[in-house]
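Residue-level structure breakdown
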Amino acid sequence: MLKKGNKLYSILTGSCPKCHLESMYKDKNPYRMANIFDMHERCSHCNTKYKMEPSFFYGAMYVSYGVGIAFAVAAFFISFIFIETSLLVTFICIVVTLIGFMPVIMRLSRNIWINMFMHYDKDAAAKFKKQI
């Protein structure tokens, strides 16, 4: 299910959406808050430019809203439906989940956003190597 060539692979691993050979982020750990938005300018394997235009990732904010809602709904079902806690405890669980997963949600949103505009090309890295 998670193999190269699948958009889900690129979204979950944060790898280049075109060749899937390199991470888009300089630091793979999203919980290092100082480096959360630091991305490579281009992929070193296929030369794909990640920031296609200025302010490209502003659109990821809309995706972030949806991903945040998904995390909040999951926290609600786990705490209120499965564990059967009170509404106050459920609300606290949702807030803690959203704060705790905020770096992951931000990265996932960026990954989803860029994968909406770029598609996997198994020969992308080979084409770039030939040009050099």
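This section reports on the structure supplied with the text.

Conventions used here
- Residues numbered from 1 in each chain as written.
- Predicted model: local features only at pLDDT ≥ 70, side-chain atom pairs only at ≥ 80, totals over all residues.
- Heavy atoms only, no water.
- Helix = DSSP H or I, 4+ residues; strand = E, 2+ residues; numbered from the N terminus.
- Polar contact = N/O pair within 3.5 Å; in protein donor to acceptor, adjacent residues only side chain to side chain.
- Contact = heavy atoms within 4.5 Å.
- Phe/Tyr/Trp six-rings, centres within 6.5 Å; stacked < 30°, edge-to-face > 60°.
- Buried < 20%, exposed > 50% of the residue type's maximum accessible area, 1.4 Å probe, protein only.
- Lys NZ or Arg CZ within 6 Å of the ring centre and 35° of its normal.
- Patch = residues over 30% accessible without salt bridge, like charges linked within 9 Å, V, L, I, M, F, W, Y side chains within 5 Å.
- Areas by Shrake-Rupley, 256 points an atom, 1.4 Å probe, with all protein chains shown as cover.
- Salt bridge = Lys/Arg side-chain N within 4 Å of Asp/Glu carboxyl O.

**Details of the side chain of Thr90**
Turning to its location among the elements, Thr90 is positioned in helix α3 (residues 87-100). Within the structure, the side chain of Thr90 is placed 2.8 Å from the backbone oxygen of Ser86, a separation counted as a polar contact. Excluding its chain neighbours within four sequence positions, the residues that come into contact with Thr90 are Phe76, Ser79, Phe80 and Thr85.

**Looking at the packing of aromatic side chains**
The final tally for this structure, using the stated rule, is seven aromatic pairs. Here Phe76 and Phe77 contribute two aromatic rings whose centre-to-centre distance is 5.7 Å and whose plane-to-plane angle is 75 degrees, an arrangement assigned as edge-to-face. Given the relative accessible area of 28%, Phe76 is considered partly exposed. One aromatic cluster is present, built from ring pairs that chain together Phe56, Phe57, Trp113 and Phe117. The cationic tip of Arg107 hangs over the ring face of Tyr25; the distance from NZ or CZ to the ring centre is 4.0 Å. One Lys or Arg, Arg110, reaches over the ring of Phe57 and ends 4.5 Å from the middle of that ring.

**Description of a nonpolar patch on the surface**
Together, Tyr65, Ile69, Val73, Phe77, Ile78, Ile81, Phe82 and Ile83 make up a nonpolar patch on the protein surface, roughly 840 Å² of accessible area in all. The residue Ile69 is located in helix α2 (residues 60-82) in this model.

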